[in-house]
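The lines below spell out each chain.
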Amino acid sequence: MSKNRSGVKSYPLSPIQKVDLYQMIMAIFHTEAGNVPISVIFQRDMDLELMRRALEIELERNDSMRIRLRFTLRGVRQSFPEKKDLGEIPFDDMLGKTQEEFEAYVKHYNCKPLKTYRGEPYRLRFFRAPDGRYGIYGTFAHVAMDAPGVMLFYRDYIEVYKALRDGTELPPPLARFEDAIQRDIAMFENKERMDRIKAYYTEYFAQGGPSFFAGVDGGRDLERTRKKLRKPDFRGVSTVHPFNDKSETVKLHIDAETVERMEAFCREHHVSVQALLQFAIRNHLSHINNNVPDVCLFTTISRRATLADKNSGGSRALAHVVRTIFEPSVKFTEALARTDKCNLRIYRYAEFSSVDEIFLLSRSDGISPQYTTIPVLFTFFSRDMVPVPKDMGFELYGSGNGHFVYAQYTMIIPNTVSGGYDCYYEHQTRSISREDILLMHENVLKTINTGISSPEITVGELLESL
């Protein structure tokens, strides 16, 4: 920690934020690949002046909205000035436009890089959607705000707007991201703890032997890599292609009735909905890759365990490898329990750099770090993570950046209007097609419905049913 010329304390990037910097370097020609594009559309009439006033108050309450990042001779530094000018927030009226025109509008701004280190860590715009609903378009630099941080921003903003509209007290203050950064830096400087976590992951990856890239494309990219390297048994692919990392996003849906069945089943069998979704995805990946038993998912963990953590914004999340190896005889319920157990172990050892973990996995597999055996990055938000205030219904609107550093990213978030889940599948177009994504979603739903209907079914029988 130090102070700049204006007397404001500044800090280096936390190890978590350095992961985002690493990803920006991987996408050096398309830095928008590291942004978090999530917008919100409200379900009732909104007052534009009140919307702006609520945003000004949120700027005061949420220090991650005041973050200032800059390059210095000592590396990247960040500070949190007490005041920041909101500036002019544009208003875009899309009333009467087609849905395709609205999506093109969102994509246009998503694909514009942020000037993250020159005073623009996020981009906000007010809009009116084609159906007349008001909303806030937002895209955020991941180094400043991860997806849980964005959710917190919208949740608190809505509460502030409600208080202004109703003339009531503002919600309780948020916890400071600035404090969380200092805790994170101190935690990662604890060498004894880091050595213990590193030893855990080293053993975790070694247990199952070399892992395998069970890609969404069904092995096409893996076969190309094997031919290029002249290694017919090679098990990884490279997803880092700075000149060819174009991506598309497919939005699909899980209806409310299915979600209710999923939640009821998970309560009955004492497993998480996240584990059910993870298993369904890995079951599809196994199926289209010759029923391979070994599948890895890169799963995002918010690292917000305490109440103070849950009420702090910024960038705290890390992704960790959830590796499952299931033989055909394993029962569906047992597979879910083992997936959940794996998740719980990962939560326990979550304070570890995703980059270091990728390098450990590559070393365990005996391949160069430029190759990976991780086919999917997965993020899930349960319904209790996105509470809906009374008489302030809203819909979260996710979308892609047009470029991405991983082969495929699946983000599943609650649709607070329908009661279901919206599934956003972003995929690199160089290796994965829209048809691949449609098949993936279809098989995810098939696996969930078949497993719930027949809990004693085996993994092998589930694979045969697809």
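Residues numbered from 1 in each chain as written. Predicted model: local features only at pLDDT ≥ 70, side-chain atom pairs only at ≥ 80, totals over all residues. Heavy atoms only, no water.

## Re empty space enclosed by the protein
Think of a ball as big as a water molecule: rolled over the atoms, this probe shows where empty space is left. For clarity, the cut-off: We place a 1 Å grid over just the protein atoms. Points where a 1.4 Å probe fits but has no way out form a cavity, open points with protein on both sides within 12 Å along at least 5 of 7 lines form a pocket, and any residue with an atom within 4 Å of a point lines it. Grid points are joined across faces, edges and corners, and a volume is the space filled by probe spheres set on the points. Helix and strand assignments come from DSSP, with helices taken as H or I runs of at least 4 residues and strands as E runs of at least 2, each series counted from the N terminus. Residues are grouped as follows: Ala, Val, Leu, Ile, Met, Phe, Trp, Tyr, Cys and Pro are nonpolar; Asp, Glu, Lys and Arg are charged; every other residue, Gly included, is polar.
Under the criterion given, the structure shown has three cavities of 30 Å³ or more. Estimated volume of the largest cavity: approximately 500 Å³. Listed by contribution, the elements that provide at least two residues to the lining of the largest cavity are α1 (15–26), β3 (35–42), α4 (147–166), β10 (294–301), β11 (318–325), β12 (377–380), β14 (408–414) and β15 (421–428). Among the residues making up the lining of the largest cavity, the classes are represented as 20 nonpolar, 12 polar and three charged. By volume, the second largest cavity is sized at about 50 Å³. In terms of lining, the second largest cavity is formed by Phe-213, Gly-215, Val-216, Asp-217, Asp-221, Val-237, Thr-239, Pro-375, Ala-407, Ser-431 and Ile-432. When its residues are assigned to classes, the lining of the second largest cavity shows six nonpolar, three polar and two charged.

## A closer look at the sheet that holds strand β6 (residues 91–93)
Let me state the cut-off plainly: Only when DSSP finds a minimum of two bridges between them are two strands counted as paired. For helices, the fitted axis covers only the stretch in contact; all axes are lines through C-alpha atoms, and the angles between them, taken along N-to-C directions, range from 0 to 180 degrees. In what follows, residue pairs with any heavy atoms lying within 4.5 Å of each other are defined as contacts.
One open sheet holds the five strands; their spatial order is β6-β7-β8-β3-β13, and the pairing between them is mixed. Bordering the open sheet on either side are β6 and β13 (394–398), each of which pairs with just one other strand. Across this sheet, the average inter-strand angle for adjacent strands is 25°, counted without regard to direction. Across five bridges, the pairing between β3 and strand β8 (residues 134–141) is antiparallel. Bridge assignment links Asn-35 to a residue of β8, and that residue is Ala-141. The strands touched by helix α3 (residues 99–110) within the sheet are β3, β6, β7 (122–128), β8 and β13, with β7 carrying the most contacts at an inclination of about 160°.

## Comments concerning the packing of aromatic side chains
Note the cut-off: Any two of the Phe, Tyr and Trp rings considered here, Trp counted by its six-membered ring, make a pair once their centres fall within 6.5 Å; the pair's planes then place it as stacked at under 30 degrees, edge-to-face at over 60, or tilted in between. Throughout this description, buried means an accessible area under 20% of the type-specific maximum (1.4 Å probe, protein chains only), exposed means over 50%, and partly exposed covers the range between.
Counted according to the given criterion, the structure contains 31 aromatic pairs. For the ring pair Phe-71 and Tyr-117, a centre distance of 4.5 Å and an interplane angle of 35° mean the geometry is tilted. In this pair, Phe-71 sits in strand β4 (residues 68–72) while Tyr-117 sits in the loop between α3 and β7, placing the two residues 46 residues apart along the sequence. Of the residues examined, Phe-71 reaches a relative accessible area of 53% and is grouped as exposed. With a relative accessible area of 14%, Tyr-117 lands in the buried category. Feature note: the residues Phe-42, Tyr-122, Phe-140, Phe-153, Tyr-154 and Tyr-157 constitute an aromatic cluster, connected by ring pairs.

## Topic: the layout of surface pockets
In this model, the largest pocket occupies a volume close to 1,100 Å³. Lining the largest pocket are 38 residues, with Ser-302, Arg-303, Arg-304, Lys-310 and Met-385 sitting closest to its centre. Looking at the lining of the largest pocket, the element that brings in the most residues is α4, giving five residues. In terms of residue class, the lining of the largest pocket is built from 18 nonpolar, seven polar and 13 charged. In this structure, the second largest pocket spans a volume of roughly 550 Å³.

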